Amino acid sequence: MGASRQVYLDHSASTPVDPRVIEAMLPYFGEVYGNPSSAHRYGSRAERAIEDARITIAGILNCQPSEVIFTSCGTESDNLAIRGAGWSARHSGQPSRLVTSPIEHSAVTNTVHQMGALMGFATEIAPVDKFGSIDSEIFAEICKRGGALASIIYASNELGTIQDLPLLSRIAHAHDMLMHTDAVQAGGQLDLDVERLGVDMLSLSAHKFYGPKGVGLLYVKDGLELAPSQSGGSHEHGMRAGTHNTAFIVGMAKALELAYDEKDDRIRHFAEMRDQLIQGILDRLPCAALSGHPDRRLPSHASFVLHGIDANTLMMHLDLAGVAASSGSACKTGNPEPSDILLAVGYSEDEAKSGLRLSVGAQTSEDDISYALDVLETAVEKLGKLKREMAR
């Protein structure tokens, strides 16, 4: 029998679709059903909707509509940026080394690793400190050795730490390297002005900011040539083949528009709920230590190391009590291996198995936080007692 109360604290993994977004999408499931690439009026109506969405998104990113490339998700966007830049550099005889960090989402990490292991690309990992922040001086030394691209996450999905992207972009450009950022976690919470950030490419995914799953985008600075990683038709300026998902593209634009129209109120609420969570956990759980940067972190994001607690076992206890959380990255849920990201910032293997991520959302209430804290305290006490009994 399930818990009587349900509290969702895993918004970094996915958010519920805003009803206003659903309403905007509905006509494109049945009423406006033409293929946007078709020349007739049915196709033209769908194409107009896509181009309107592109204009809306470009206004938020402070870029030209032609610089917005629609994809199926953040992972595809990351793949297109990294593969496209690497392959284009190699084809033109330019330096093709790839630079990234050890705290990236696996969409970046695994793509860079594959390009090194299977395609012979030189790769380098820029180290981070105990908070997950990149040392700009070390990053500069790495960039001095040249390369095609640096791909640095804007805000860590596991730690919540926010990087100083404008500074890192200036460093990369000073050494003739492109800068890409996985901004998937930042969407709807942080500044996405690509001019201020100084990035050449930026990835987003709609389901992180109350849009639908299955649609994303890649900002690609005008004049940049990317070899497509998905070939076929000439969609998206030849960078991404495949029939457009009209309804989801409309939904993504509406969700992003709402997120930035309501940004101040949302961020204020997120930060209040997050701070209550952090303070409550640190006050009530002696085993808990905050992971990630104490100040430069996402407004919605709280992450911890719970010394002596197995995070995957804890997740089961929380779920049974109706609290949805994550043991580190959502992509690692259920994985008994220690978190690579926690290892990268200096935690031991045992500590890296005890990571807890709680992320609040627009509907999170003070009562939700209070309930989650009670459930978490009870679960941690139970697991600690069980561990002591087994050690006898």
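Quick summary incoming for the structure in this document. (Residues numbered from 1 in each chain as written. Predicted model: local features only at pLDDT ≥ 70, side-chain atom pairs only at ≥ 80, totals over all residues. Heavy atoms only, no water.)

### Re the overall build of the chain
Along the backbone of the chain there are 13 helices and 12 strands. Computed over its C-alpha atoms, the radius of gyration of the chain comes to 22 Å, within 12% of the 21 Å expected for a compact globule of 392 residues. Taken over the C-alpha atoms alone, the chain extends approximately 70 × 55 × 35 Å along its principal axes. Across the 392 residues in the chain, those meeting the buried criterion constitute 54%. Considering only intrachain contacts with a sequence separation of at least 6, the fraction spanning at least 24 residues in the chain is 74%. Accessible surface computed for the chain: about 17000 Å², of which carbon and sulfur atoms make up 50%. Positive and negative charge centroids in the chain, built from 34 and 50 side chains respectively, lie 2 Å apart. (Helix = DSSP H or I, 4+ residues; strand = E, 2+ residues; numbered from the N terminus. Rg over C-alpha atoms; globule rule 2.2 N^0.38 Å. Buried < 20%, exposed > 50% of the residue type's maximum accessible area, 1.4 Å probe, protein only. Contact = heavy atoms within 4.5 Å. Areas by Shrake-Rupley, 256 points an atom, 1.4 Å probe, with all protein chains shown as cover. Lys, Arg positive; Asp, Glu negative; His and termini not counted. Charge placed at Lys NZ, Arg CZ, Asp CG, Glu CD.)

### What to know about the nonpolar core
Counting residues in each nonpolar core, the largest one holds 61 residues, and the members touching the most others are Leu61 and Phe139. Considering each element in turn, this core owes the most residues, eight residues, to helix α9 (residues 246–261). (Core = buried A, V, L, I, M, F, W, Y, C linked by side-chain atoms within 4.5 Å.)

### Things to note about the environment of Lys221
Mapped onto the secondary structure, Lys221 falls in the loop between β8 (216–220) and α9. Through-space distance from the C-alpha of Lys221 to that of Ser92 is 18 Å; in sequence the pair is 129 residues apart. Look past the residues within four positions of Lys221 in its chain and what remains in contact with it is Glu67 and Asp200.

### Re helix α10 (residues 263–284)
An ideal rise of 1.5 Å per residue puts 32 Å on 22 residues; α10 measures up with 31 Å between its terminal C-alpha atoms. Contacts made by the buried residues of α10 are with α1 (19–25), α9, β9 (288–290), β10 (301–306), β12 (355–359) and α13 (366–391). (Expected span 1.5 Å × (residues − 1).)

### Re the state of the cysteines
Applying the stated criterion across every chain yields a total of zero disulfides. Here Cys63 is not cross-linked by a disulfide; its sulfur's nearest cysteine counterpart is in Cys73, at 19 Å. (Disulfide = S-S within 2.5 Å.)

### Some details on the sheet that holds β10
Pairing within the open sheet is antiparallel, and its three strands lie in the order β9-β10-β12. What marks the edges here is a single partner per strand, and that holds for β9 and β12. Recorded for the sheet is a direction-independent mean angle of 30° between the axes of neighbouring strands. For β10 and β12, the ladder comprises five bridges, and the chain directions are antiparallel. Across the sheet, Ala302 pairs through a bridge with Leu358, a residue of β12. (Pairing = 2+ DSSP bridges. Axes fitted to C-alpha atoms, helices over the stretch in contact; angles between N-to-C directions.)

### Examining the packing of aromatic side chains
Within this structure, the stated rule accounts for two aromatic pairs. One cation-aromatic arrangement involves Arg90 over Phe121; the distance from NZ or CZ to the ring centre is 3.9 Å. (Phe/Tyr/Trp six-rings, centres within 6.5 Å; stacked < 30°, edge-to-face > 60°. Lys NZ or Arg CZ within 6 Å of the ring centre and 35° of its normal.)

### A word on unusual backbone geometry
The backbone phi angle of Asp176 is positive, close to 60°, even though this residue is not glycine. Relative accessible area serves as the criterion here: at 71%, Asp176 is assigned to the exposed category. Even without a glycine there, the phi angle at Glu236 is positive, about 50°. Locating Glu236 in the fold gives a position in the loop between β8 and α9. Note on Glu236: relative accessible area 6%, which makes it buried.

### Digging into the pairing of strand β6 (residues 178–182)
Among the five residues that make up β6, four are buried, leaving the element largely enclosed by the rest of the structure. Sheet analysis places strand β5 (residues 149–151) next to β6, joined by three bridges and oriented parallel. Looking across to β6, one finds that Ala150 is bridged to Met179. Between β5 and its parallel partner β6, the chain crosses via helix α7 (residues 165–174), and the hand of that crossover is right-handed. (Right-handed = clockwise from strand over helix to strand, strands pointing away.)

### With respect to α13
The terminal C-alpha atoms of α13 lie 37 Å apart, and with 26 residues this matches the ideal 38 Å at 1.5 Å per residue to within 8%. Of all the positions in α13, only Asp368, Ile369, Ala372, Leu373, Val375, Leu376, Ala379, Val380, Leu383 and Gly384 are classed as buried. Here the buried face of α13 lies against β1 (7–8), α10, β10, α11 (311–320), β11 (323–324) and β12.

### Focus: the side chain of Arg240
Residue position: Arg240 is located in the loop between β8 and α9. With relative accessibility at 12%, the residue Arg240 sits in the buried group.

### Looking at the sheet that holds strand β7 (residues 201–205)
The strands that make up a sheet pair up through hydrogen bonds in the backbone, lying either parallel or antiparallel. With mixed pairing, the seven strands of this open sheet are ordered in space as β2-β8-β7-β6-β5-β3-β4. Taken across any chain shown, the strands that pair with only one partner, and hence form the sheet edges, are β2 (68–71) and β4 (123–125). Taken pair by pair, the neighbouring strands of this sheet meet at an average axis angle of 20°, ignoring direction. In the packing of helix α4 (residues 74–91) onto the sheet, contacts are made with β2, β3 (98–100), β5, β6, β7 and β8, and the angle to β7 comes to roughly 160°.

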